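Here is what each chain is made of, one letter per residue.
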Amino acid sequence: MPIDLHKEETISQLKSAVYLIVAKMVEEQLAQQAKETPNESPVVATPTFIASLVELVYNQLINLGEDLELFAQHAGRSIIRPDDLYMVTRKNDVLTRCLKEIEVQIQEESSRASTDND
């Protein structure tokens, strides 16, 4: 299979996955809003809105991936580490803090799992 065809197939699969996740999130948010405001007319997300949101999210993911690769390369590594993500989010203290908390949780779960397996 030529590289370009494989790349296009991968992009298509990624966009499909992003579409499913974004559409589900929009649906959940609309359902939550309908529960919280039952006396107001419901908000509707058109397919055009969802498609536009998918493009926005997809492009942000691509930019994030490129930034992460560049930070790792700048540090002389070929593997992306959490520190690279913190460099990307360095101007957003709240997001950085949340990501660090998630990293700690993952490390704790990983150490618990390795202890349980011994």
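To be clear, the structure that these remarks concern was listed above.
Residues numbered from 1 in each chain as written. Predicted model: local features only at pLDDT ≥ 70, side-chain atom pairs only at ≥ 80, totals over all residues. Heavy atoms only, no water.

## Here we look at the overall build of the protein
Rules: Only DSSP runs of H or I covering at least 4 residues are called helices, and only runs of E covering at least 2 are called strands; the numbering of each starts at the N terminus. Here the radius of gyration uses the C-alpha set of atoms, whereas the globule reference equals 2.2 Å times the residue count to the power 0.38.
Of the regular secondary structure elements, the protein holds four helices and zero strands. Going from the N terminus to the C terminus, the protein shows its helices and strands as α-α-α-α. Its C-alpha atoms give the protein a radius of gyration of 19 Å, clearly above 13 Å, the size a compact globule of 118 residues would have. Reported as C-alpha extents along the three principal axes, the dimensions of the protein are approximately 55 × 45 × 35 Å.

## Examining the packing of aromatic side chains
What counts here: By convention, a stacked pair of Phe, Tyr or Trp rings (six-membered ring in the case of Trp) has centres within 6.5 Å and planes under 30 degrees apart, an edge-to-face pair has planes over 60 apart, and any other such pair is tilted. Geometrically, a lysine NZ or arginine CZ counts as sitting over a ring once it is within 6 Å of the ring centre and also within 35 degrees of the ring normal.
Applying the stated criterion across every chain yields a total of zero aromatic pairs. For the cation-ring pair, Lys15 lies above Tyr58, with the distance from its terminal atom to the ring centre recorded as 5.0 Å. Directly above the aromatic system of Tyr86 lies the positively charged group of Lys100, at a separation of 5.0 Å from the ring centroid.

## Here's the deal with the nonpolar core
So the rule is basically this: Side-chain atoms within 4.5 Å are what join buried Ala, Val, Leu, Ile, Met, Phe, Trp, Tyr and Cys residues into a set we call a nonpolar core. The classification of residues rests on relative accessible area computed with a 1.4 Å probe and restricted to protein chains. Under 20% of the type maximum is buried, over 50% is exposed, and intermediate values are partly exposed. In this analysis, two residues are considered to be in contact whenever any of their non-hydrogen atoms come within 4.5 Å of each other.
Of all hydrophobic cores here, the largest spans five residues; its members are Val18, Val22, Val26, Ile50 and Val54. Elements with a contribution of two residues or more to this core: helix H1 (3-36) and helix H2 (47-74). Among residues more than four places away in sequence, those in contact with Ile50 are Tyr19, Ala23, Val26 and Ala45.

## Quick word on the side chain of Thr96
By secondary structure assignment, the location of Thr96 is in helix H4 (residues 93-117). Those residues in contact with Thr96 that sit more than four places away from it in its chain are Tyr86, Thr89 and Arg90.

## Some remarks on H2
Worth spelling out the cut-off: Working rule for helices: expected span equals 1.5 Å times residues minus one.
The first and last C-alpha atoms of H2 sit 40 Å apart over 28 residues, in line with the 40 Å expected at 1.5 Å per residue. If you check which residues of H2 are buried, you get Ile50, Val54, Tyr58, Leu68 and Ala72. A positive backbone phi angle near 80° is found at Gly76, which sits one or two residues after H2.

So, to be careful, I would describe these as geometric facts and stop short of saying anything about function.
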